[in-house]
Amino acid sequence: MPHPVYIPCVNINDDIVQIVDIAVSAGDSVKTGDVIAEVETDKAVIPVEAEQDGYVLKVFCDVEDRVKVGSVMMWIGDSPDEPVPEPDSKKPAEEPSRKASQQPTAKARALLEKHNLQAEQIPRQGERLTVGDVEAFIAGHDGAAGVVSTAQAQRREDSEELLPGVPGSLQSLSAEEHGMASTVTWHRDHAVTAYLEMAYDQQGWEDYAAAFAERHKFMLSPLLPLMAYRLVKIARDMPKINATLVNGQKYLYDQVNLGFTIQAGETLYLTVIQQADVMDDRQFIDALGEVQRHAIAKKLRPDESMGATLGFSSMARWNVSRHVPVLAPYTALMVAHSAPPGGGQSAVLGASYDHRILSGHDVANVLQEMTQSPEFP
Amino acid sequence: MEKNEIKTKIREKLTELAGELGNDASQISDDDIIPATGLVDSIRILGLVVWYEKAFGMSLKQEEINIDNLGSIELMADYVLKRKSG
């Protein structure tokens, strides 16, 4: 009996995904768990696996197609000569396309994102959450933190940018460019950011990292992973750095998901180590190494690129001696490592932070702890 | 695949990665410890490992990525053969 393979719903904010790889064609035999395709969202590339043994009967999309979540990607049958069902004739009521139809409308999602609101907060009149539902909610909460008036929102909705008066052409953003635009827009629209930095002597950290690498026979210096892990440990003792602000209230995360920037080719990723707070230093370094390899191979899993609660970034690789990082969405702190200027050991460690949650004193304490050289066991 | 053929492929890739930084890795010996040569930076060493997995059809666990297994061209070639025979 033929079985449909649907375009997966990876992220509630993504109605459309891009096909980046189709690994099979009609007539191929597949086993349960085989990767038969890869799709890309704004955040990551994820594999689509066969859910049963069988034969590919027909594939409905090509590489680089942009396709709707919940639509049929291909059919798999028990034998290679089964007839392909008519479109949608096998789609059961509970398939992802129906779930997608219950998601907020595109305009409603844009308004939710603009006001840092969750769909679940908003009462809805019909099956789908509409922009009218969101506007009614905003109007009823006028003046609350993070929520501007309906009139203000409408003015912003209406403020379409004019094209420059110089000849040129419009191009769509790539998935990665779109992700970066979303991040910096959250930074601009929601966080109230400030920046601090502290000078320190990096030699102690370098020595510790070299000894750690020798002991564990690492291929690469663990300097940056060890510094990032220090930040995780500080967050365990100081939960307010692992938090965000939602509707005027502080939201303290129950786990530390450490965001770590990686430049892989032309693409900058904020990779994420989930639940870093329950790892020891070696486990953290291994987890980060694996995520880095996935980023370079452009095979990050969704959980490796979403849900950061705290951030660490370095531009030392390019000999940048100071940088002010953008905060990842829904985080309050991003620590910035840079190269010692002039090739010496005296460097600065910086931090961008959301001043709605953290004070300069809080962040100075974090940097003070971060810049202390580790003690050898 | 013969060991010499494996070493040649690794050397070619290493030379390509070093060339991106303006370095010439063509004269690197089979036994030179790759990270210690300074010819490639950390992200390119990771790139070499990712390429190595794909080129020789292996999926490495993180704990396998160490100096003893992948530290030099010689060791990398040996490790391909060890994994293929195991």
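Everything below is about the structure shown above.
All values derive from a computational prediction rather than experimental measurement. (Residues numbered from 1 in each chain as written. Chains lettered and ligands numbered in written order. Predicted model: local features only at pLDDT ≥ 70, side-chain atom pairs only at ≥ 80, totals over all residues. Heavy atoms only, no water.)

Trainee: For this particular structure, what's the right way to read the overall build of chain A?
Mentor: Scanning chain A from N- to C-terminus turns up 9 helices and 16 strands. The buried share among the 377 residues of chain A stands at 44%. Within chain A, contacts between residues separated by at least 24 positions form 61% of all contacts whose residues are at least 6 apart in sequence. Surface exposure of chain A reaches about 19,000 Å², of which carbon and sulfur atoms provide 50%. (Helix = DSSP H or I, 4+ residues; strand = E, 2+ residues; numbered from the N terminus. Buried < 20%, exposed > 50% of the residue type's maximum accessible area, 1.4 Å probe, protein only. Contact = heavy atoms within 4.5 Å. Areas by Shrake-Rupley, 256 points an atom, 1.4 Å probe, with all protein chains shown as cover.)

Trainee: For this particular structure, what's the right way to read the nonpolar core?
Mentor: One broad trend across soluble globular proteins is that nonpolar side chains are buried collectively. Residue and element names in this part refer to chain A. Counting 53 residues, the largest nonpolar core has Leu231, Ile241, Leu258, Phe284, Phe312 and Leu333 as its most contacted members. Looking at this core, the element that brings in the most residues is helix H7 (residues 223-237), giving 9 residues. Discounting chain neighbours no more than four positions away, the residues touching Leu258 are Ala228, Leu231, Val232, Thr271, Val272, Ile273, Ala276, Phe284, Leu310 and Phe312. (Core = buried A, V, L, I, M, F, W, Y, C linked by side-chain atoms within 4.5 Å.)

Trainee: Honestly, the pattern of salt bridges in this entry has me stumped. Any pointers?
Mentor: Charged atoms that come close allow side chains of opposite charge to pair. Residue and element names in this part refer to chain A. Evaluated as defined, the whole model comprises 20 salt bridges over all chains. Residue Arg356 pairs with Asp354 through a salt bridge whose shortest N-O separation is 2.7 Å. Judged by its relative accessible area of 30%, Arg356 is partly exposed. A relative accessible area of 0% means that Asp354 is categorised as buried. (Salt bridge = Lys/Arg side-chain N within 4 Å of Asp/Glu carboxyl O.)

Trainee: Sorry if this is basic, but what is going on with the sheet that holds strand S9 (residues 193-201) of chain A here?
Mentor: Hydrogen bonding along the main chain pairs the strands of a sheet, whether they run parallel or antiparallel. Residue and element names in this part refer to chain A. The 6 strands lie next to each other as S9-S16-S15-S14-S12-S13, forming an open sheet whose pairing is mixed. Every interior strand has two partners, whereas the edge strands, S9 and strand S13 (267-273), have only one. Strand-to-strand twist in this sheet, taken as the mean axis angle between neighbours without regard to direction, amounts to 25 degrees. Looking at chain direction, strand S15 (residues 333-337) and strand S16 (residues 346-354) are connected through 5 bridges and run antiparallel. Counterpart to Val335 in the pairing with S16 is Ala351. Of the strands in this sheet, strand S12 (258-264) and S13 are in contact with helix H8 (residues 281-296), which crosses S13 at around 145 degrees. (Pairing = 2+ DSSP bridges. Axes fitted to C-alpha atoms, helices over the stretch in contact; angles between N-to-C directions.)

Nothing here speaks to function; it is all geometry.
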